[in-house]
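Coordinate inspection notes
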Amino acid sequence: MPRLKVESDIKNIGMEGNMSLSLKVWRQSNKDAAGGFENYKLDHVSPDMSFLEMFDVLNEQLIEEGKEPVSFDHDCREGICGACSMYINGRPHGPLRGVTTCQLHMRSFKDGDTIVVEPWRAQAFPVIKDLVVDRDAFDRVISAGGFVSVNTGNAQDANALPIAKEAADDAFAAAACIGCGACVAACKNASAMLFVSAKISQLALLPQGQAERSIRAEKMVAQMDAEGFGACTNTGACSAECPKEISLENIARMNREYIGAKFSSSAV
Ligand code: SF4
Ligand code: FES
């Protein structure tokens, strides 16, 4: 009985539960393959499992049945790395606000539910396999200007560079972005403006970011456009679905940074 090992594994980790679920999971062998949904039944799911632990159990079951496990991205499993990106019932990171997929627990669903799971859908995030997408476009946007150039050496004294509390708080809030791409996935235009604006803001607000401030805004926006992300039409879905609740104010700040950069570069 191939299912028995899965059920004993669940008992062994103290997570035996009584939920039965139907899963419709997107399977796609590579970026050029057509892909499609496959249906799975999963029993004895505990409400205390995380969504990714539930997928671990599904994959054990598939392996024991001689089938290929579902590929999905994950690393930290505690809301930090941004890797666990997937649509769950049509929403990036699932039904709750302010959480990543790895922080979502099965108690958010009901016994007998059907759950539909898909990869991010955006031209700039091609599917690598199943639920894993290529988010290198974000890395290229960061490489274009999302850094400060400093000479390395000993860390400065913490009080050597005073920063106003309000600026520090706003920079910290923007720096909470984990680069998951949910903002792009949620946007009908596949716009990356929330992500890019968070990265521009966290540096524009701090003294360390001033030296490259203008060039940073110009280069990151240019790279964002080159990657094929869409324009912002102010629907706000990005911020509503962002697991770190990054504010739309960052997009307004990015637009000001960009316009200021364009004025100063045309004045030179
Ligand atoms: S802004 Fe939010 S949704 Fe977009 S990449 Fe950052 S954390 Fe993810
Ligand atoms: S696995 Fe790192 S945020 Fe979910």
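Residues numbered from 1 in each chain as written. Chains lettered and ligands numbered in written order. Predicted model: local features only at pLDDT ≥ 70, side-chain atom pairs only at ≥ 80, totals over all residues. Heavy atoms only, no water.

Considerations on the overall build of the protein chain
To be explicit about the condition: Each helix is a run of H or I in the DSSP string that is no shorter than four residues. Each strand is a run of E no shorter than two, and both are numbered from the N terminus. Relative accessible area decides the class of each residue, using a 1.4 Å probe on protein chains only: under 20% of the type maximum gives buried, over 50% gives exposed, and in between gives partly exposed. Any two residues whose heavy atoms approach within 4.5 Å at even a single point are treated as in contact. For the charge count, each Lys or Arg is scored as positive and each Asp or Glu as negative, with His and the chain ends excluded. The location of each charge is read from NZ of Lys, CZ of Arg, CG of Asp or CD of Glu.
Scanning the protein chain from terminus to terminus reveals 9 helices and 7 strands. Projecting the C-alpha coordinates of the protein chain onto the three principal axes gives extents of approximately 75 × 45 × 35 Å. A buried classification covers 44% of the 268 residues belonging to the protein chain. Sequence-distant contacts in the protein chain: of pairs separated by 6 or more residues, those separated by 24 or more amount to 70%. Side chains of the protein chain give 27 positive and 35 negative charges; the mean places of these two sets differ by 4 Å.

Details of the site of ligand 1
Filter applied, for reference: Neighbouring residues are identified by heavy atoms, a residue being near a molecule or strand if any of them is within 4 Å of it. Under the scheme applied here, ten amino acids are nonpolar (Ala, Val, Leu, Ile, Met, Phe, Trp, Tyr, Cys and Pro), four are charged (Asp, Glu, Lys and Arg), and all others, including Gly, are polar.
Of all residues adjacent to ligand 1, which total 13 residues, the nearest are Cys177, Cys180, Gly181, Cys183 and Cys242. Going through the elements one at a time, α5 (182-186) and α6 (193-204) are the ones with two or more residues in the shell around ligand 1. Along the lines of polarity and charge, the residues of the shell around ligand 1 split into 11 nonpolar, 2 polar and no charged.

A closer look at the environment of serine 108
If you trace the backbone, serine 108 turns up in the loop between β4 (91-92) and β5 (114-118). Serine 108 sits in the partly exposed class, given a relative accessible area of 31%. Measuring from C-alpha to C-alpha, the distance between serine 108 and serine 50 comes to 9.9 Å, with 58 residues separating the pair along the chain. When near neighbours in sequence (up to four residues on either side) are disregarded, serine 108 contacts Pro95 and Leu96.

Comments concerning the packing of helix α3 (residues 136-145) against helix α7 (residues 213-226)
Rules: Think of each axis as a best-fit line through the C-alpha atoms, taken over the contacting stretch in the case of a helix, with angles from 0 to 180 degrees between the N-to-C directions. Angles below 35 degrees are treated as roughly parallel, those above 145 as roughly antiparallel, those between 65 and 115 as roughly perpendicular, and all remaining angles as oblique. By the definition used in this description, the sense in which the near helix is turned from the far one sets the handedness, with an anticlockwise turn below a right angle giving left-handed and a clockwise turn giving right-handed.
Close contact between α3 and α7 brings their axes to 8 Å; oriented N to C, the two are set at 155°. Our classification of the angle between α3 and α7 gives roughly antiparallel. In terms of crossing hand, the pair formed by α3 and α7 is right-handed. Packed against α3, whose contacting residues are Arg140, Val141, Ile142, Ala144 and Gly145, the element α7 presents Arg216, Lys219, Met220, Gln223 and Met224 at the interface. Taken together, the residues of the contact of α3 with α7 sort by class into 5 nonpolar, 2 polar and 3 charged.

Here's the deal with the domain arrangement of the protein chain
We count it as follows: Domain delimitation in this document rests on an assignment produced automatically or drawn from a domain database. As a working definition, buried area equals the accessible area (1.4 Å probe) given up by two parts on being put together, with both sides summed.
Split by domain assignment, the protein chain resolves into domain 1 (17-128) and domain 2 (135-148 + 162-267). Using C-alpha coordinates to define each centre, domain 1 is positioned 29 Å away from domain 2. Contact residues are listed per partner, giving 19 residues for domain 1 and 20 residues for domain 2. The contact between domain 1 and domain 2 buries some 1,500 Å² in all, and 55% of this surface belongs to carbon and sulfur atoms. Broken down residue by residue, the surface that domain 1 buries against domain 2 is led by Pro92, Ala124 and Phe125, which jointly contribute 32%. Class assignment for the residues of the side of domain 1 that touches domain 2 results in 10 nonpolar, 6 polar and 3 charged.

Re the nonpolar core
How we decide: The definition of a nonpolar core used throughout is a set of buried Ala, Val, Leu, Ile, Met, Phe, Trp, Tyr and Cys residues joined through side-chain atoms within 4.5 Å.
Membership of the largest hydrophobic core comes to 35 residues, with the highest contact counts inside it found for Phe125, Val184, Val196, Met224 and Phe229. Contributions of two or more residues to this core are made by α3, α5, α6, α7 and α9 (249-267). Looking at this core element by element, the count peaks at 6 residues for α6. Counting contributing residues per domain, this core is built from domain 1 (17-128) and domain 2 (135-148 + 162-267), each supplying no fewer than three. If near-sequence neighbours (up to four positions away) are discounted, methionine 224 is found in contact with Val141, Ala192, Met193, Val196 and Phe229. The next biggest cluster of nonpolar side chains, apart from the first, holds 28 residues, and it includes Tyr40, Phe51, Val57 and Phe109.

Quick notes on the environment of alanine 240
Topologically, alanine 240 is positioned in helix α8 (residues 237-241). Taking the C-alpha atoms as reference, alanine 240 lies 8.7 Å from alanine 186; in sequence the two are 54 residues apart.

Side note on the state of the cysteines
Formally: Pairs of cysteine sulfur atoms within 2.5 Å are identified as disulfides in what follows.
Inspection of the entire model under this criterion finds 0 disulfides. Looking at cysteine 232, it has no disulfide partner, and the nearest cysteine sulfur is the one in cysteine 238, 6.3 Å off.

A look at the environment of threonine 233
So the rule is basically this: As used in this structure description, the phrase polar contact means that two N or O atoms lie within 3.5 Å; if the pair is within protein, one of them must be able to donate a hydrogen and the other to accept it, and residues adjacent in sequence are counted only when both atoms belong to side chains.
Relative to the elements of secondary structure, threonine 233 occurs in the loop between α7 and α8. Residue classification places threonine 233 among the partly exposed residues on the basis of a relative accessible area of 45%. Residues threonine 233 and alanine 155, 78 residues apart in the sequence, show an inter-C-alpha distance of 42 Å. Aside from chain neighbours lying at most four places away, what touches threonine 233 is Lys188 and Asn189. There is a polar contact of 2.8 Å between the side chain of threonine 233 and the side chain of asparagine 189.

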